[in-house]
Amino acid sequence: MNTDRGGLAGFRLTHRTWTDELGTWSSAVAADGRPAGALSFDPRLIGDPATRERLVGAVVADRKLTQAGVTGLVPIADLIAAQGEVWLLTAEPVNPTVADLLSETPGVPRPDAGSAAGVLVEIAQTLLAVHAAGLAHGALHPGTVVIAADGSARLAERGLADAIHGRPPAPERDVAAWSSLARGLAASWAASSPRAAGLFERAAATASTHGLAPARDALLAGRDLLPPGFDTRDRLLETLHLWTAYDARTRDGRQAPAPAPALPAPDEGDIVTLLHVPRSGESRTEDVVMRFGPGVPVETTAAQLWRAGRDQQQTEPPSDRLRVLGAPARRRRRRTAVSSVVLALMVVAALVAWLLRSSAVPLAVTELDVVAPKKTQGCGATVKIKGLLATNGSAGEIRYQWKRSDRKETIEQTDTVASGKTSHEVILQWSVKGEGSFKGTATLRLLSPLSEGKKLQDKASFNFKC
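Everything quoted here is computed from the prediction, not taken from an experiment. (Residues numbered from 1 in each chain as written. Predicted model: local features only at pLDDT ≥ 70, side-chain atom pairs only at ≥ 80, totals over all residues. Heavy atoms only, no water.)

Chemist: How should the state of the cysteines be read in this particular structure?
Modeler: Working definition: the covalent bond between the sulfur atoms of two cysteines is a disulfide. All chains considered together, the criterion is met by one disulfide. Covalent S-S linkage joins C379 and C466, the inter-sulfur distance amounting to 1.9 Å. One quick way to see it: the torsion about the S-S bond of C379 and C466 is about 105°, and its sign makes the bridge right-handed. On the criterion of sequence distance, the pair formed by C379 in the loop between β12 (365-371) and β13 (382-391) and C466 in the segment after β18 (457-465) is long-range, its members being 87 residues apart. (Disulfide = S-S within 2.5 Å. Helix = DSSP H or I, 4+ residues; strand = E, 2+ residues; numbered from the N terminus.)

Below, the structure is given as structure tokens:
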């Protein structure tokens, strides 16, 4: 493929291409000269109009998350249709990924256990914010975890696979993928640090049983097992610098391929943004504008987490603008399905309203009450026992434990609570079999979040007769 493949909606596609399950990625340069990325979707995956509608909804939701302050996602500049193809344009590069750095590269040292810890903590933070918004990533693996120029971890392709395959958001798949990544980094980047590798294994097990927030907290609590100075990312930045230099040398040293047939540059009139539908009387030449965070922060997100022990998503104020401009005189965009896009925008409006209401105050549970049926339960009954939890209205995870009087073992569960709700209900289904009389007592105990010096638990009993 030619090293310079022409322009696309203000982006210049360059030398580097690679494929994944969604299509072909290309490195690119944005109109303002900054590195970027472009994904050409496999046409076989997006031929169905309903699939394209779901894809638009996923991308719009992703951009709103970024604009609302979720900094752990690769920012999306636009989703366009050009010459029968659909392209996703990103405002930042999507390489190197963790998969790139896991590969053996001559002269490039592997990142260390401290690097792995920072990556895992930041991914967990981003996933918690995404899940709190009722969304999911859907395809988390080393190839979708991007290491930015400042060493921070960002997630690419959020929601795209689910949209293409018509799957509902499933946070539990993200949690399982995070656990798998933690175990993979324990066996690779932490191979020379057995104590750190053990920490990652414990965090992976904690995520599988209790959720991402306790797993992240386990990593934060185990900082003494990590190499000194890990929170500054010195080793990861060194690896990143050497990998980038090696990648550039390798490309420059390759024998140039035979020239491919030149493709005509797409006419700006044939490029349609799928994210913008003009209202009545609105000019179609209006710029598509997206805001995204500034450059390298003074202190990385992971460092702030390690040092402050915070559990809320760190945010950065919006700054620069990326404009995707076309020639006004030649912009003759095709009509898109207005009704479907409006529906997607309505869904996103609700999401934005939720995000704007969300508080930076951590979730707190203030009261707990357990209620059991007062009426005596009969033969073959399944008794429904309710636990009612009063909260402060913030988003987060609630971890709790049920204890039945007829068993020694307990039942632990984790629920995600959305912002704006000041109450949450949990249910215990208790099946009773056999004949005779029986009094059952269920005890509900809050495991997290806990207020200092305050333990919340309550119990309720029911009578059974058959």
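Chemist: Can you walk me through the sheet that holds strand β15 (residues 410-417) in this structure?
Modeler: Adjacent strands of a sheet pair through backbone hydrogen bonds, lying either parallel or antiparallel. Taken in spatial order, the four strands make up an open sheet running β15-β14-β17-β18, and their pairing is antiparallel. Edge strands, defined here as strands with exactly one partner in the open sheet, are β15 and β18. Ignoring which end each strand starts from, the neighbouring axes of this sheet average 25° apart. Sheet analysis places strand β17 (residues 437-448) next to β18, joined by nine bridges and oriented antiparallel. (Pairing = 2+ DSSP bridges. Axes fitted to C-alpha atoms, helices over the stretch in contact; angles between N-to-C directions.)

Chemist: Mind showing me how you'd approach unusual backbone geometry here?
Modeler: When glycine is set aside, most residues are seen to have a negative phi, and most peptide bonds are trans. For the bond from N95 to P96, the omega torsion is 5°, close enough to zero to count as cis. Here P96 lies in the loop between β6 (85-90) and α2 (98-102). The linkage connecting S448 with the following residue, P449, adopts the cis geometry, with an omega of 0°. In this structure, P449 sits in the loop between β17 and β18. For E157, which is not glycine, the phi dihedral falls at a positive 65°. Structurally, E157 can be placed in the loop between β8 (153-155) and α4 (160-165).

On their own, these measurements won't tell you what the molecule is for.
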